[in-house]
Amino acid sequence: MTAGPPVVLGPHANELFATVILARCTTETWRHLAPIAGPAPKDNAHPGRVHVVQHGTAHQMQVVPLTGAEAADWLTAAAAGGGSDPASDTPWAPGDQP
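Analysis parameters
- By convention here, each chain's residues receive numbers from 1 onward along its written sequence.
- Local features in this predicted model are restricted to residues of pLDDT 70 or higher, and side-chain atom pairs are both shown and tallied only at a pLDDT of 80 or more, whereas totals for entire chains, interfaces and linings draw on every residue.
- Side-chain descriptors were evaluated using all non-hydrogen atoms of the structure, hydrogens and water having been removed beforehand.
- Each residue's exposure class comes from its accessible area (1.4 Å probe, protein chains only) as a fraction of the maximum for that residue type: buried when under 20%, exposed when over 50%, partly exposed otherwise.
- Numbering goes from the N terminus for both helices and strands, where a helix is a DSSP run of H or I of at least four residues and a strand is a run of E of at least two.
- Strands were regarded as paired on the criterion that DSSP finds at least two bridges between them.
- Any residue with relative accessible area above 30% and no salt bridge may belong to a patch, with like charges joined within 9 Å and the nonpolar Val, Leu, Ile, Met, Phe, Trp and Tyr side chains within 5 Å.
- Here the accessible surface of atoms and residues is derived via Shrake-Rupley with a 1.4 Å probe, and residues count as covered only by protein chains that are part of the display.
- The working definition used for a salt bridge is a side-chain nitrogen of Lys or Arg within 4 Å of a carboxyl oxygen of Asp or Glu.
- Axis geometry follows a simple rule: fit a line to the C-alpha atoms, using only the stretch in contact for helices, then measure angles between N-to-C directions, giving values from 0 to 180 degrees.
- The definition of a nonpolar core used throughout is a set of buried Ala, Val, Leu, Ile, Met, Phe, Trp, Tyr and Cys residues joined through side-chain atoms within 4.5 Å.

J.: Explain the pairing of strand β1 (residues 19-22) here, please?
T.: Consecutive residues of a regular strand have side chains that alternate between opposite faces of the sheet. Of the two faces of β1, only the one carrying Val20 and Leu22 is buried; Thr19 and Ile21 on the other face are not. Sheet topology note: the β1/strand β2 (residues 49-54) ladder contains 4 bridges and is antiparallel. Residue pairing for β2: Thr19 is matched across the bridge by Gln54.

J.: It is not clear to me how a nonpolar patch on the surface should be interpreted in this structure. Could you clarify?
T.: A contiguous nonpolar patch, built from Val64, Leu66, Trp74 and Leu75 and spanning about 320 Å² of accessible area, is present on the exposed surface. Looking at where Val64 falls in the secondary structure, it is placed in the loop between β3 (57-62) and α2 (68-79).

J.: For this particular structure, what's the right way to read the sheet that holds β3?
T.: Within a sheet, adjacent strands bond to each other through the backbone by hydrogen bonds, running parallel or antiparallel. Taken in spatial order, the 3 strands line up as β1-β2-β3 in an open sheet, and their pairing is antiparallel. Since the sheet does not close on itself, it has two edges, and those belong to β1 and β3, each with one partner. Strand-to-strand twist in this sheet, taken as the mean axis angle between neighbours without regard to direction, amounts to 25°. As paired strands, β2 and β3 are joined by 6 bridges and run antiparallel to one another. Bridging from a neighbouring strand, Gln54 pairs with Thr57 of β3.

J.: What is the right way to read the pairing of β2 from this model?
T.: With 5 of 6 residues buried, β2 is to be regarded as a mostly interior element. Connecting the antiparallel pair β2 and β3 is a turn made up of 2 residues, with His55 showing a positive phi of about 55°.

J.: How do you make sense of the nonpolar core when you look at a structure like this?
T.: General note: in soluble globular proteins, nonpolar side chains tend to be found buried as a group. Counting 6 residues, the largest nonpolar core is built from Val20, Leu22, Trp30, Leu33, Ala34 and Val53. For this core, the secondary-structure elements that each account for two or more residues are β1 and α1 (27-33).

J.: Would you mind going over the side chain of His51 with me for this structure?
T.: Within the secondary structure layout, His51 lies in strand β2. Overall, His51 belongs to the buried group, its relative accessible area being 13%.

Structure, rendered in structure tokens:
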């Protein structure tokens, strides 16, 4: 018998969150965190593609992929009043990604 992934949040983890954002997760993780939204969607390898589950419905969304350092720099600049749109620094135009 093989052991599955450790259950950190417990069997009712989905009840702890009003909104769940999942990106490239396993079917098992989806089943634990978003069971009301139905079966896990097909995996998508596009950078920044996530599924947002809210009120029992999953919606595919595009987010700006940032490293921790990039996010900290952007937040620091925004707090100082000089924030820019992080999407403007991406290597692809929004229309390039399906």
